[in-house]
Structures are given as C-alpha cells and as structure tokens.
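What the coordinates show
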Amino acid sequence: MTKVDIAVVGAGLTGSLLACFLARRGHQVSLYERRPDPRVGDGERGRSINLALSERGLDALRRIGLEQQVMADALPMRGRMIHPVAGPRDFQPYSRDGDKAINSISRGALNNALIDAAEAADGVTLHFGHRLTGLDPVTGELRFETSAGTVGVSASVVLGADGAGSATRAQLVAAGVIREDVEFLDHGYKELTISAVDGAFALDPEALHIWPRGNAMMIALPNPDRSFTCTLFWPYRGPSGFASLDTPAAVKEHFEARYPDLPPLSPGLVEDYLGNPVGRLGTVRCDTWHVPGGRTALIGDAAHAIVPFYGQGANCAFEDVVELDRCLTETAGTWELALPRYEKRRKDNADAIARMALENFVEMRDKVASPVFTFTRKTELALQKALPGVWASRYELVSFSTKPYARVERRAKHQWRFLAGAATVAGIAAAIGLRRVGFQGAPPAVSTRR
C-alpha cells in the first residue's frame, strides 16, 4: 500500500476523525482549519447544537478506540418528552423495550477529543488559522490565508471535510468540476439555556425534550453540568418568527404564552434570545463528490449537509469516514479506485437520510403531540414486540443500527404499505362477514300483498 501525503481541509468532527483513520494507514496528514484552535478559548457563542450520538457514530469511534472516552461525558436519552402548551407532558420511548438510547453530547467536547486524538497520531500535523482561498483539483495545489500572509502547499490527495459552508466545495464548483444544490429552509435556529436548579437537572435528563408548536418548535438536550441546551427552530418571519420578536417585551410575552414552562427555568431567557445569533438550516446536494483521477474529494457535510432533525448529521459523516476507509482497504490504497467506490456506496444513503431528516422536522413540530401520532407510535411498538426481527421502526433502524439509510427508508415504506394493505383486507373481510350475518340472520320477509 502506497503511503501518500494528504491534505484534509477542516478540523471539525469529520476532518479530525478522518485524520485519525488515515494516520492508522501510515499516511502523512496535514489537517487545516480556518478557525483558531477550538481547544483554546470559549468557542462560538450560541452555535453548538448539541449532538445526538447514536450507533453509527459510536461504531466509527469504536474503530479508533475513542468510544469509552467520548461516552464518559454522554447522557443517554431514551425517548422524547413532549411539552404541550397546557396539560401533562407525554414521554414517548424510542425503542420497544425502552432500553435503547441516543446520547446527548457537546459538539465542542467531541471535537476537542477528536482533535486531541489526531494530534497524538503519528504522521498528523495540525494547522489552525488557515483559510482555504485556492485549490487546483488536478495538481493538488492549495492556497491558504493566514495571519502571517498567504501560504501555498501541495498534496497528493485533498479531502474537503470543512462542513456545510465548505470552502473546498466552493473551489470545486468554481472550477466547474462539481455542481451543487443548496436548499435552505425558511426556518433558522437559535440557542438558549436551562440552568441547573440547586445543582440538579430542571427536567428529566433521560429524555430529548420537545415543545411542538405547529410551524415552530423548541428542543432541549441535557449536559453533564446538569444544564440543558435548548434550540429554537422557528420561521424567520411571521407572528412566531425571529424577525417579529425583537424586543424584550415581545420575547417575554411570546414565551409566556407559547412556552409557559420555560421562563421559570431560564432566568436569562430574554438576554440569551436577544444576544444569540440565528443560524441557517439547509440541505446540500452535489452531483458528484470526487474529481476523477483520485486526487480530490468531499466528505461529510461538505458533500451532503442535512438538517438536524434526525440527529444524524455527525453520525452520517462518521459513516462516510468508515466507508472510505473500507474502500481503501478493498482497493489496496488505490485512491483512483477508492474514491468513486466510496461515493457510489454512500451517495444514495446520504440522499435517503436527507429526505428522512426533512420528514422528521414535520413530525417533530406538527405530529408528535397529536393523538393520531401517539396511537400510531404505540401500534408500531406493539408490532415490534409481537414481531421481533420482522418489524422494526424506521427510527430504531436509523438510530440503533448501521443498516444503510436507503435500505432503512425502503423497508419502512414497505412495512407501512403492508400494514395499510392488511388493515384494508381486514376491513373488507369484516364488512363481508357482517353482510353475510345480516343476510342469513334476518327474518323472512312478510308479504303484505293480498
């Protein structure tokens, strides 16, 4: 297997994990990041979005020996806790036995752990404060702007792992070798905080809390310090939109009316709301992820960013890294063969989870509080218990397995079509039975003719 020098652009979650995997293969890896070292300082305020780490992400961490370290600070969430405007809360377990959980973890803490692991790996060099401003996808020449001026480097392979707003992807689009489609929602996100109360969690720490409000919602995930990170997913405009709530009085009035249990738990609510930025939410799709020749490719959000409503953004990106590593093994490290194979295996799956994430947004904000959804969910859990190994919910397959997303999407559709068909047949059979009973059991007609 030929050892090559590789430039990984982006030292976020995907890039740092990728550097660890590549270093295991003996490659020389230069990891470039536009930000300063995130392990120093407080990071970007209000833009963390806690992660829901599940089996796909854990599988990747397990392969490089980081699972136990990362999970030491993770908090398991075994279901959704629905907060209505009025009335009791409703806990909806994720799995049929309530024993499976997704894991709340700080994006920053996970990123720092992965950067530490990359830094400790033989052959990895970290370069912070390097903003990509130029890339030749054919020669592998890169140009970065730094505090000391422009820096030019070259690499045998360039992998763009620099997130949804990827500078690498922008360079490839400008060069005409990749076409992109970026579809933004008319919703954004903003973070708030629920602090610990007398050193204890203010809400159930084993649940992902959801405040569904039709066209808007809020979620809250627990933190090790017993606080909760809350994220508002609201439209930009309209009576419940970010643009409409721009004064302390308007913010206070809106939360008291629509999220009445939150103000008592968050004394700094108004200040956080007015001070924290609004982030954008969107889906990125590219016609291809690699440049023929085996020199340049995109991975993770740089290739296929998705909205966060299935908690699969990082999990999906980590699966990309595992698949690329697998393809390199299968092709004896031949990048010209490994990159197109990696794309072929992952693209349909990335498209599938992008669709499912958008569908889950509608479910979380509109449906989870409805009696119909609750009945459907209970029916699904009952079927899982009655038919283990035969029936499995889409959520369980996405979150608690490594089955390909596209296969999960197809299976879920087939299951519900079968159930709908069975219900139709049962209804017809019941109707026929009733008609037969009615015909056979009716008394003979009495003629009134004379």
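Presented here is an overview of the structure given in this document.

**Details of unusual backbone geometry**
- Of note in the backbone geometry, Asp198 takes a positive phi value of approximately 55° without being a glycine.
- Considering the arrangement of structural elements, one finds Asp198 in the loop between β13 (180-194) and β14 (208-212).
- Using a relative accessible area of 81% as the deciding quantity, one classes Asp198 as exposed.
- Its identity as a non-glycine residue notwithstanding, Ala332 has a phi of 55°, on the positive side.
- Its place among the elements puts Ala332 in the loop between α9 (313-330) and α10 (335-367).

**Overview of the nonpolar core**
- Ranked by internal contacts, the top residues of the largest apolar core, which has 67 residues, are Leu159 and Trp335.
- Per element, the largest residue contribution to this core is 8 residues, and it comes from helix α1 (residues 13-24).
- Contacts of Trp335, omitting those with residues within four sequence positions, involve Val4, Ile6, Leu22, His27, Val157, Leu159, Gly294, Leu324, Leu328 and Pro340.
- Listed in part, the 34 residues of the second largest apolar core include Ala52, Phe309, Ala352 and Tyr395.

**Here we look at helix α5 (residues 167-174)**
- For α5, the set of buried residues is Thr168, Arg169, Gln171 and Leu172. For α5, the buried positions fall inside an angular range of 160° around the axis, keeping them on one side.
- Where α5 begins, the side chain of Ser166 points an oxygen toward the backbone nitrogen of Thr168, at a separation of 3.2 Å.
- Of the residues one or two after α5, Gly176 is the one with positive phi, at around 80°.

**Some points on the sheet that holds strand β2 (residues 28-33)**
- Reading across from one edge, β8-β2-β1-β12-β19-β18 is the order of the 6 strands in this open sheet, with mixed pairing throughout. In this open sheet, the two edge strands, each paired with only one partner strand, are β8 (124-128) and β18 (290-291).
- Across 2 bridges, β18 lies against strand β19 (residues 296-298) in antiparallel orientation. Bridge pairing in β19 places Val291 opposite Thr296.

**Concerning the pairing of β14**
- Burial analysis of β14 places 5 of its 5 residues in the buried class, the great majority of the element.
- Where burial is concerned, the two faces of β14 agree: the one with Leu208, Ile210 and Pro212 and the one with His209 and Trp211 are both buried.
- Two elements, strand β5 (residues 79-82) and β14, share 3 bridges in a ladder whose sense is parallel. Looking across to β14, one finds that Arg80 is bridged to Leu208.
- Bridging between β14 and strand β15 (residues 217-222) involves 4 bridges; their strand directions are antiparallel. Within β15, the position partnered with Ile210 by the bridge is Ile219.
- Between β14 and β15, which pair antiparallel and follow one another directly, the connecting turn spans 4 residues, one of which, Gly214, has a positive phi of 75°.

Rules of the game
Residues take numbers from 1 onward in each chain, read along the sequence in its written order. Residue-level local features of this predicted model are given only where pLDDT is at least 70; pairs of side-chain atoms are given and counted only at 80 or more, and the full residue set underlies all totals for whole chains, interfaces and linings. The basis for every side-chain value is the complete set of non-hydrogen atoms in the structure, without hydrogens or water. Helix and strand assignments come from DSSP, with helices taken as H or I runs of at least 4 residues and strands as E runs of at least 2, each series counted from the N terminus. Note on exposure labels: buried denotes an accessible area under 20% of the residue type's maximum, exposed denotes more than 50%, and partly exposed covers the range between, all computed with a 1.4 Å probe on protein chains only. Only buried Ala, Val, Leu, Ile, Met, Phe, Trp, Tyr and Cys residues count toward a nonpolar core, and they belong to the same one when joined by side-chain atoms within 4.5 Å. We call two residues in contact whenever any of their non-hydrogen atoms come within 4.5 Å of each other. Working definition: the arc comes from the directions between the helix axis and the C-beta atoms, pointing outward to the latter. As used in this structure description, the phrase polar contact means that two N or O atoms lie within 3.5 Å; if the pair is within protein, one of them must be able to donate a hydrogen and the other to accept it, and residues adjacent in sequence are counted only when both atoms belong to side chains. One requirement defines pairing of two strands: DSSP has to find at least two bridges between them.

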